[in-house]
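Residue strings, one per chain:
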Amino acid sequence: MLVRETTTRDALAVEGLGLTIGTREGALPLLADVTVRVGRGETVGLVGESGSGKTLTARTALGMLPRGARATGRVTAAGLDVLAAGRTDLRDLRRTRVSMVFQDPRAAINPLRRVGDHLTEGLRAAGTPRREAARRAVDLLDQVGIDDPAGAMRRHPHQFSGGMLQRIMIAGALATEPELLLADEPTTALDVTTQAEVVGVLRALQRSHGTGLLFVTHDLDLAAAVCDRIYVMYAGRIVEEADSASFAVAPAHPYTRALLDASPSVHGDQGPLRAIGGRPRSLAEAPSGCSFRDRCPRADHDCALGVPATRPHGTSHVACLRPEQVKP
Amino acid sequence: MTEPVLTVTSLVKKFGRVTAVDGVSFELAPGASLGIVGESGSGKTTTARVLAGLEEPTSGEVAVAGEHVRGRSRRARLRRARRLQMIFQDPYGSFDPRLTVAESVAEPLRLHAPGPAADVRARVDALLDQVGLSRRAGDSRPGELSGGQRQRAAIARAIAVAPRVLVLDEAVAALDVSVQAQILALLDDLRRETGISYVFVSHDLAVVRHATETAVVMRHGRIVERGPTERLLREPAHPYTRLLIDSVPRPGWDLERLARDRRALDAL
């Protein structure tokens, strides 16, 4: 019974997550009713503009809440109830079962330590003997396309380019064979050709290890190219969940449609860009009812009455009163 | 054929033994927009900085409105700045945090076209209005504005002295998609209204496709391909241009072929 449960459970289940932070003026809401699921071996995109709460959501999966924040709802990562877990359980979770890759690899690696020490740290903490850990690390470096992997183990981070260092971070993140990998804008700082290579490495490793991947990005094209399913966030809420095949061709939420209309594209015909008025909002600044209504071309009086419930529409789930009016 | 507003001839810039820009030449017609596309280390930003006078070229010529610009004297810098202005990715670093946005926009006016305070104020109001900033935004400090508003303020300050050429170095790269589209629309409008020319430096092919008519592709300091932007993107002739285009994510992205193409190119 227990065995069956562990093989079918999700790598990550965020259910009805709310986050508020206390300030002198009172409670400031950051996230509201966020539900995100990542199955084992699945790649799930979390897209949105600045202030949408995508990074906060990803960090919550590791129990990394902003100082003074209060969380409600439920977050289960690799089987652990994160919001209820103590420090020891969380440390164990971060060391071995859930890993994270950040935008800037140089800010996330100790510049004074050798690459090899960084890569074997998690394995050693999990009790792998030194020699075996080193052998696994060299093997991983080879898999992410680092030349002379054994030599690379003895070098320091500054001896690698940004793209190479991000490959090393991915190798390190997957060294302990985690159930879940959180990647927060992992290729945003890289050149386009390097981005393509790093994404290729990330996908190949994730597939072969069966890791669930939560891919946080502002880049809609990248999310559509990489992910199986995509969540769109706006002002601290999920406004749409879609499979990536239908995401770009049949958006269900006016915000998703507006984002696609505002994005210039390289492939296909070039239509005119349609800018959305105003700027992205955080949850604290958002209007009552639907957060997007002050920028939405289809909003009317009804949209102010309450936050629209999430409901199925086509192959998507959407928090909008009238998704049928969104043109494909 | 109209006289080009910007002529760059055999530009070379060396830093010690490293050649960052290696024999770059191009022309820009009045009212036109030229893209400079490339990755980090391609020399595109160094080229932009030489155009703006932030770096002295090792050799080669830059002529703005038919006049060769060189030298670092105060007079030479002012002459250049009247004709050519530059906009950076992060306008925050180029504003004095203690001045209001309106005061910052007034600065180039005082420097280049001194006049009565009331005239300057009226011109600043007109400029802020032209870039879509409210009076209230004008009275704010740069730290109180959003990224999009700051970039609007940078544009207002750059066009204050009515330059002929605007060099935009990754000017929309740090903005959210919805705000980026607003700034691109503003740049379109300005060009149509004033006949200003753009040198649009960017790593983002989609943005360059939208904002320019012609483009050059740079790699290792050299221009490897040039032509009408739409033609470059649809029928790239150089394998590096093709690799750049294929690297832009899309459904059915063939990552293995990309990796092969890149290795083949690096081996050349």
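A brief look at the structure comes next. A quick note: this is a predicted structure, and the numbers were derived from the prediction, not measured. As a convention, each chain's residues are numbered from 1 in the sequence order in which they are written. The order in which chains are written sets their letters, starting at A; the order in which ligands are written sets their numbers, starting at 1. Predicted model: local features are reported for residues with pLDDT of at least 70 only, side-chain atom pairs are reported and counted for 80 or more only, and whole-chain, interface and lining totals are derived from all residues. By convention in this description, side-chain values take in all heavy atoms of the structure and omit both hydrogens and water.

## Description of the side chain of Thr212 of chain B
All names here are of chain B. Looking at the element boundaries, Thr212 is found in the loop between helix 8 (205-211) and strand 9 (214-219). A distance of 2.8 Å separates the side chain of Thr212 from the backbone oxygen of Val208, its partner in a polar contact. Side-chain polar atoms of Thr212 contact the side chain of Thr229, separated by 2.9 Å. Note on contacts: a residue pair is in contact if any heavy atoms of the two residues lie within 4.5 Å. Residues within four places of Thr212 in sequence aside, it is in contact with Ser33, Leu34, Gly35, Phe200 and Thr229. Segments assigned H or I by DSSP are reported as helices when at least four residues long, segments assigned E as strands when at least two residues long, and all are numbered from the N terminus. Two N or O atoms form a polar contact when they lie within 3.5 Å of each other; inside protein one atom must be a possible hydrogen donor and the other a possible acceptor, and for residues adjacent in sequence the pair counts only when both atoms belong to side chains.

## Things to note about the pairing of strand 2 (residues 26-38) of chain A
Residues and elements named next belong to chain A. Here strand 1 (residues 12-23) runs beside strand 2; their pairing, made up of nine bridges, is antiparallel. Bridge pairing in strand 2 links Leu17 to Val34. The pairing criterion for strands is at least two bridges between them, as found by DSSP. Counted along the chain from strand 1 to the antiparallel partner strand 2, the turn is two residues long.

## A look at the packing of helix 8 (residues 162-174) of chain A against helix 9 (residues 192-209) of chain A
All names here are of chain A. In the contact formed by helix 8 and helix 9, the axes pass within 10 Å of each other and the chain directions differ by 10°. By the criterion of interaxial angle, the relationship of helix 8 to helix 9 is roughly parallel. Note that helix 8 runs across helix 9; the crossing there is right-handed. Two secondary-structure elements touch here, helix 8 through Gly163, Gln166, Arg167, Ile170 and Leu174 and helix 9 through Thr194, Glu197, Val198, Val201, Leu202, Leu205, Gln206 and His209. Side-chain classes are defined by residue name, with Ala, Val, Leu, Ile, Met, Phe, Trp, Tyr, Cys and Pro counting as nonpolar, Asp, Glu, Lys and Arg as charged, and the others, Gly among them, as polar. For the contact of helix 8 with helix 9, a count of residues per class yields six nonpolar, five polar and two charged. Only the stretch in contact is used when a helix axis is fitted, and all axes are lines through C-alpha atoms; the angle between N-to-C directions ranges over 0 to 180 degrees. For classification, angles of less than 35 degrees are called roughly parallel, those exceeding 145 degrees roughly antiparallel, those between 65 and 115 degrees roughly perpendicular, and all remaining angles oblique. Note on convention: the crossing is left-handed when the near helix lies turned anticlockwise from the far helix by less than a right angle, right-handed when the turn is clockwise.

## Points about the pattern of salt bridges
Should a side-chain nitrogen of Lys or Arg be within 4 Å of a carboxyl oxygen of Asp or Glu, the pair is scored as a salt bridge. Scanning all chains against the criterion turns up 36 salt bridges over all chains. Residue Arg40 of chain A pairs with Glu179 of chain A through a salt bridge whose shortest N-O separation is 3.5 Å. A residue pair is termed long-range when its members are at least 10 positions apart, and Arg40 of chain A in the loop between strand 2 and strand 3 (43-47) and Glu179 of chain A in the loop between helix 8 and strand 7 (180-184) qualify at 139 residues. Relative accessible area decides the class of each residue, using a 1.4 Å probe on protein chains only: under 20% of the type maximum gives buried, over 50% gives exposed, and in between gives partly exposed. Taking relative accessible area as the criterion, Arg40 of chain A reaches 39% and is therefore assigned partly exposed. Glu179 of chain A sits in the buried class, given a relative accessible area of 12%. Via salt bridges that share partners, Arg167 and Glu197 of chain A together with Arg219, Arg262 and Asp266 of chain B belong to a single interconnected network.

## Examining the interface of chain B and chain A
On the chain A side, the residues contacting the 31 residues of chain B number 34 residues. In short, buried area is how much 1.4 Å probe accessible area vanishes from two parts on joining, totalled over both. Across the interface of chain B and chain A, roughly 2,900 Å² is buried in total on both sides, 60% from carbon and sulfur atoms. Our count for the contact surface shared by chain B and chain A stands at one salt bridge. Across the pair Arg262 of chain B and Glu197 of chain A runs a salt bridge, and its minimum N-O distance is 3.2 Å. There are 17 residue pairs in polar contact (both at pLDDT 80 or more) connecting chain B and chain A.

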